[in-house]
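# Per-entry structural report
Here are the chains, one letter per residue:
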Protein chains: 2
Amino acid sequence: MAEDQITNAALRAIRRILRAADQGGRKLAVATGLTPSQLLVLQEIDRRGETTPGAIATSLQFGQATVTNILDRLEAAGLATRKRSSSDKRRMLLHVTAAGHDLLANAPDLLQEHFRNRFGTLPAWERAMILAALERLGELLDATEIDAAPLIDVGIIDRAVDGDTVPDAS
Amino acid sequence: MAEDQITNAALRAIRRILRAADQGGRKLAVATGLTPSQLLVLQEIDRRGETTPGAIATSLQFGQATVTNILDRLEAAGLATRKRSSSDKRRMLLHVTAAGHDLLANAPDLLQEHFRNRFGTLPAWERAMILAALERLGELLDATEIDAAPLIDVGIIDRAVDGDTVPDAS
DNA sequence: GTGATTTCCTTCATTTACCGAATCATCTCG
DNA sequence: CGAGATGATTCGGTAAATGAAGGAAATCAC
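Residues numbered from 1 in each chain as written. Chains lettered and ligands numbered in written order. Predicted model: local features only at pLDDT ≥ 70, side-chain atom pairs only at ≥ 80, totals over all residues.

### Quick look at the overall build of chain A
Across its full length, chain A holds eight helices and two strands. Scanning chain A from its N terminus toward the C terminus, one meets helices and strands in the order α-α-α-α-β-β-α-α-α-α. A buried classification covers 24% of the 170 residues belonging to chain A. Counting contacts in chain A only where the partners sit at least 6 residues apart, residues at least 24 apart contribute 43% of the total. (Helix = DSSP H or I, 4+ residues; strand = E, 2+ residues; numbered from the N terminus. Buried ≥ 20, exposed ≤ 12 C-beta atoms within 10 Å, placed from the backbone. Contact = placed C-beta atoms within 7 Å.)

Rendered as C-alpha cells:
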C-alpha cells in the first residue's frame, strides 16, 4: 500500500535524522573534550541558572548517581561548581564557571549551528512547513512516550481505520 | 526576528523528537533485557540477514572492537551466532537465532510501532506533508554531517551510502 | 522537643559501552 | 613465495549508567 510506503519512508527519514543528531553530538563532544553526557549536563545547568543535581537528574532522565558522577568530572575540569545551599543544607547548588560558559559559548551545539545555517537558507514557506511537520511529529511521539503505559486505553480511538499495519505485537 | 523564532521552535521540536526516540529505545531495552546497543546490533543483523561484524560496525558507526564486545553478549544470551565463513576464513557470519527472532518479534521497535499507529490516523495530506518535511530535514542534517565528518576513507563505497537501506551486497 | 520518615545527595560496586593499539589468521597481489 | 592488506579479536583504559546502601538535613507526628 502506498500509505505503508509513506510510513516506512517517514521512519527511515526519522532514523536518518536521529543518526545525524547522534553523530553531531559525539563530534561536538570530541571537539570540546567532553563527552555527550557531560556536555548535556553542563548545558542543562547553564540553562537553569542555579539548580540541584536532582533537578538535572529528573530533567535529563538520569539517575542521581550518574549525575553525581558527571558532576565530579565537570567540577574537576573546572567547568562547574557545587555549593551547599544554606537554606536547605541537603541541597547542592550548581553553577557554571566562567570557563564553563566559555566552553559553551565557543562550542555551541553543532546540530543547532548547522541546522541554523542550513535552515535559514530555505524559503519561508518551507521553513514553516517543516516546523509544522516537526511539531506535529513531536506531539505524536511525545504522547506515545509520556504515558506509554497508562495511555493505552485512552488514546486508541479506532485502530481499524484502514487496515493499517497492526502487527501481532503484544 | 520571526525567522529565528521559527528556527528555535524547529530546534525544540527536533530535540523533543530526539528525546522521545531515545527514551523509547531505553524502554524497549529494559523490556527486552538488552541494552540499546545490543538491541540495535541484533536488529541490524536481522535486517541484513547474514552479515559480518565489520559491516555492522560501519553501518552503526561503532568500532569493530565494540561490535565484537556486543556480539559476545548476544551470543552468550543465545540470540545470535557466529559462524566462520568457509570461503573467506577471516570473516565471521552472523545470524539471529530463533530465540533472537522471537525477541525481536515480541518486542518490536516501540518508536516504530507507536509511530505507525499514530501516523496512520493522520489524514493523507498531513502524512505527505510530514514525510516531505522529514526528508528535507534529513538532507539538511545529513549534508551537515557529511561535510563535518571527513569520511574520506570510506570514499570507495560511498556511492551506495545515500540510501542507507541498501542491503548488504548480495 | 524526640523520634520516625522523607528528601537529597553521595559512595560503592558492578555492568556495559566505546575506543585505540596491538595481534593473529587469512586473503590477494605482484 | 613474500609483502601488504583485511577482518576479527584481545587488551588496556575511560566513561556512563544503575542499584543498593548510607549520611545529613528537613519535616511531620505526637
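Once you've had a look at it, read on.
### Remarks on the protein's contact with DNA strand D
Neighbouring residues of DNA strand D: 24 residues in total, closest Thr35, Gly63 and Ala65 of chain A together with Thr52 and Gly54 of chain B. Listed by contribution, the elements that provide at least two residues to the surface near DNA strand D are α2 (36–48) and α4 (64–76) of chain A together with α3 (53–60) and α4 (64–76) of chain B. With five residues, α4 of chain A is the single largest residue contributor to the surface near DNA strand D. Looking at the surface near DNA strand D residue by residue, the classes come out as seven nonpolar, ten polar and seven charged. (Near = placed C-beta within 6 Å. Nonpolar A, V, L, I, M, F, W, Y, C, P; charged D, E, K, R; others polar.)

### Here we look at the nonpolar core
The biggest cluster of nonpolar side chains holds 30 residues, and the ones touching the most others in it are Ile17 and Leu134 of chain A together with Leu134 of chain B. For this core, the secondary structure elements donating two or more residues are α1 (2–32), α6 (110–120) and α7 (124–146) of chain A together with α1 (2–32), α6 (110–121) and α7 (124–148) of chain B. Those residues in contact with Leu134 of chain A, other than ones at most four positions away along the chain, are Ala10, Ala13, Ile14 and Ala133 of chain B. (Core = buried A, V, L, I, M, F, W, Y, C linked by C-beta atoms within 7 Å.)

### Digging into the protein's contact with DNA strand C
Neighbouring DNA strand C are 24 residues, the closest being Thr52 and Gly54 of chain A together with Thr35, Gly63 and Ala65 of chain B. Breaking the surface near DNA strand C down by element, the ones donating at least two residues are α3 (53–60) and α4 of chain A together with α2 (36–48) and α4 of chain B. If one sorts the elements of the surface near DNA strand C by residue count, α4 of chain B sits on top with five residues. Of the residues contributing to the surface near DNA strand C, the split by class is seven nonpolar, ten polar and seven charged.

### Re the packing of α2 of chain A against α3 of chain A
Residue and element names in this part refer to chain A. Orientation of α2 relative to α3, taken along the N-to-C sense of each, is 115°, at an axis distance of 10 Å. With respect to each other, α2 and α3 are oriented roughly perpendicular. Considering the relative orientation of α2 and α3, their crossing is right-handed. Note on element contacts: α3 touches α2 through Ala55, Ile56, Ser59 and Leu60, opposite Leu40, Val41, Glu44, Ile45 and Arg48. In terms of residue class, the contact of α2 with α3 is made up of six nonpolar, one polar and two charged. (Axes fitted to C-alpha atoms, helices over the stretch in contact; angles between N-to-C directions. Parallel < 35°, antiparallel > 145°, perpendicular 65-115°, else oblique. Left-handed = near helix turned anticlockwise from the far one by under 90°.)

### Overview of the environment of Asp22 of chain A
Residue and element names in this part refer to chain A. Tracing the backbone through its elements, the reader meets Asp22 in helix α1. Judged by the 17 C-beta atoms lying within 10 Å of it, Asp22 falls in the partly exposed class. Put simply, Asp22 and Asn69 are 47 residues apart on the chain and 22 Å apart in space, counted from C-alpha to C-alpha.

### Notes on the environment of His95 of chain B
Residues and elements named next belong to chain B. Here His95 lies in strand β2 (residues 92–96). His95 sits in the partly exposed class, given 15 other C-beta atoms within 10 Å. Along the backbone, His95 and Glu50 are 45 residues apart, and their C-alpha atoms lie at a distance of 5.7 Å. Residue contacts for His95: discarding those within four places in its chain leaves Glu50, Ala80, Thr81 and Lys83.

### With respect to unusual backbone geometry
A positive phi angle, close to 65°, is found at Gln61 of chain A, a residue other than glycine. The class for Gln61 of chain A is exposed, based on 11 C-beta atoms found within 10 Å.

### Description of the environment of Gly100 of chain B
All names here are of chain B. Following the sequence through the fold, Gly100 ends up in helix α5 (residues 98–106). Sequence spacing of Gly100 and Gly138 is 38 residues, and the spatial spacing of their C-alpha atoms is 31 Å. The residues contacting Gly100, other than those within four sequence positions of it, are Leu42, Leu79 and Ala80.

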